[in-house]
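# Report on the structure
These are the residues of each chain, in order.
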Amino acid sequence: MVTACIFAGGVGRRMKSTDMPKQFLTIGKKPIIIRTMEHFEKHPEVDHIVVACKEEWIDYLNKLIEEFGLTKVAAVVPGGANGYQSIHNGVMKTVEIMKDLEDIILICDGVRPMLTEKLISDSISYAAKYETAVPVTPSIDSLLFSEDGQECCKSYERSSMYITQAPQGYTMRKILWAHNEAEKRGIDNSVSSSELLIELGEKVHLFIGERSNIKVTTPEDLEMLRATYYYREMRSFADEEVQ
């Protein structure tokens, strides 16, 4: 069994949207989070979807789920004070649904509307094989380290640097152990599940993701995404005209 655990508990401060969290902003008349969820809804290997949502927006999300006919959503739970705690709430709810420790959980932020079926399939298959599966893309830029953002004191070899993506796949055994161990050690602010496991001294399996799988974080991301969807719609319209 495979469950997608989507966390959407943030407010999107970097998006500079004061009235609506970024995951509910629309692209082509459809909210970003719905576009993200639809990829899991349509994937033949995904059985359930669990969403951790900012609590005061749960009713709104439930209405969207009904409006767009998402049938795999098993639960919507309140998010936490940060990303890790939202993931934790989603994982704990998923445990109630998935009883087999060999089952796969896919952990994904709610603002990745450009996911592909192949990426989800790869995350499932690698997680089943290695217990951990983290999509990454090789860094194409030089990387510098600075403590204050003004002076640089260290550079990194670009060829060994990778950018993490989602969905990250794990067996329930591995992710449940990680969250239980984090609670014992007082860890409650890891940026991602892969970073949590690394902080706990574990290794994670990497596989090459897709550069088009952008995370919508800033106004520039939103602008690029809208342009991409507009281009696709125009190209589709032109193809229909030719036919």
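Coordinates for the structure precede this section.
For the structure given in this document, a descriptive report is provided here.

On a plain count of helices and strands, the chain comes out with seven helices and twelve strands. Taking 243 residues into account, the globule formula puts the C-alpha radius of gyration at 18 Å, and the chain, at 18 Å, falls close to it. Seen through its C-alpha atoms, the chain measures out along the principal axes to roughly 55 × 50 × 35 Å. The burial tally for the chain puts 48% of its 243 residues in the buried class. Considering only contacts within the chain whose residues lie at least 6 apart along the sequence, 74% involve residues at least 24 apart. For the chain, the exposed surface amounts to about 13100 Å²; the carbon and sulfur share of it is 49%. Taken as two groups, the 28 positive and 37 negative side-chain charges of the chain have centres that lie 1 Å from each other.

Now for the pattern of salt bridges. All told, the structure shown has ten salt bridges when counted by the stated rule. Where Lys54 meets Glu56, a salt bridge forms, and the shortest distance between an N and an O atom there is 3.2 Å. Among the salt bridges present, the one from Asp122 reaches Lys118, with a minimum N-O distance of 2.7 Å. Of the two residues, Asp122 and Lys118 are both situated in helix 4 (residues 117-130); the distance of four residues between them amounts to about one turn of the helix.

Time to look at the pairing of strand 1 (residues 2-8). Counting buried residues along strand 1, seven of its seven residues qualify, which places the element largely inside the surrounding structure. Of the two faces of strand 1, the one holding Val2, Ala4, Ile6 and Ala8 and the one holding Thr3, Cys5 and Phe7 are both buried throughout. In this sheet, strand 4 (residues 48-53) lies alongside strand 1 in parallel orientation, the contact comprising six bridges. Residue pairing in the sheet places Phe7 in a bridge with Ala52 of strand 4.

A cis geometry characterises the amide bond from Ala166 onward to Pro167, with omega recorded as 10°. Relative to the helices and strands, Pro167 resides in the loop between strand 10 (162-164) and strand 11 (168-171). Phi at Lys29 takes a positive value of approximately 70°, unusual for a residue other than glycine. Note that Lys29 resides in the loop between strand 2 (26-27) and strand 3 (30-31). Unusually for a residue other than glycine, Glu131 sits at a positive phi of about 75°. Mapped onto the fold, Glu131 is located in the loop between helix 4 and strand 7 (132-138).

What follows covers the nonpolar core. If you look at the biggest cluster of nonpolar residues, it comprises 32 residues, and the most contacted ones within it are Met37, Phe40 and Leu61. Listed by contribution, the elements that provide at least two residues to this core are strand 1, helix 1 (32-42), strand 4, helix 2 (58-67), strand 5 (73-78), strand 6 (104-109) and helix 4.

What follows is about the side chain of Glu38. Summarising the element assignment, Glu38 is placed in helix 1. Among residues more than four places away in sequence, those in contact with Glu38 are Lys30 and Leu70.

Glancing now at helix 2. Every α-helical turn comprises 3.6 residues, leaving residues that sit three or four positions apart pointing alike. For helix 2, every residue scored as buried is listed here: Ile58, Leu61, Leu64 and Ile65. On an axial view of helix 2, the arc spanned by its buried residues comes to 120°, and they lie on one face. Residues Asp59, Lys63, Glu66 and Glu67 are exposed on helix 2 and point more than 90 degrees away from its buried face. Each element contacted by the buried residues of helix 2 is listed here: strand 3, helix 1, strand 4 and strand 5. Trailing helix 2 by a residue or two, Gly69 shows a phi angle of about 65°, which is positive.

Further remarks concern helix 5 (residues 172-185). Relative to the 20 Å expected for 14 residues at 1.5 Å per residue, helix 5 spans 20 Å between its end C-alpha atoms, a close match to the ideal helical length. Among the residues of helix 5, those classed as buried are Met172, Lys174, Ile175, Leu176, Ala178, His179, Glu181 and Ala182. Positioned one or two residues after helix 5, Gly186 has a phi angle of 75°, which is positive.

This part covers the pairing of strand 11. Judged by which residues are buried, strand 11 turns out to be covered on both faces: Gln168 and Tyr170 on one side and Gly169 and Thr171 on the other are all buried. With four bridges connecting them, strand 6 and strand 11 associate as antiparallel partners. Of the residues in strand 11, the one forming a bridge with Leu106 is Gly169.

Scoring rules and cut-offs
Residues numbered from 1 in each chain as written. Predicted model: local features only at pLDDT ≥ 70, side-chain atom pairs only at ≥ 80, totals over all residues. Heavy atoms only, no water. Helix = DSSP H or I, 4+ residues; strand = E, 2+ residues; numbered from the N terminus. Rg over C-alpha atoms; globule rule 2.2 N^0.38 Å. Buried < 20%, exposed > 50% of the residue type's maximum accessible area, 1.4 Å probe, protein only. Contact = heavy atoms within 4.5 Å. Areas by Shrake-Rupley, 256 points an atom, 1.4 Å probe, with all protein chains shown as cover. Lys, Arg positive; Asp, Glu negative; His and termini not counted. Charge placed at Lys NZ, Arg CZ, Asp CG, Glu CD. Salt bridge = Lys/Arg side-chain N within 4 Å of Asp/Glu carboxyl O. Pairing = 2+ DSSP bridges. Core = buried A, V, L, I, M, F, W, Y, C linked by side-chain atoms within 4.5 Å. Arc of directions from axis to C-beta. Expected span 1.5 Å × (residues − 1).

The analysis is restricted to geometry; functional conclusions fall outside its scope.
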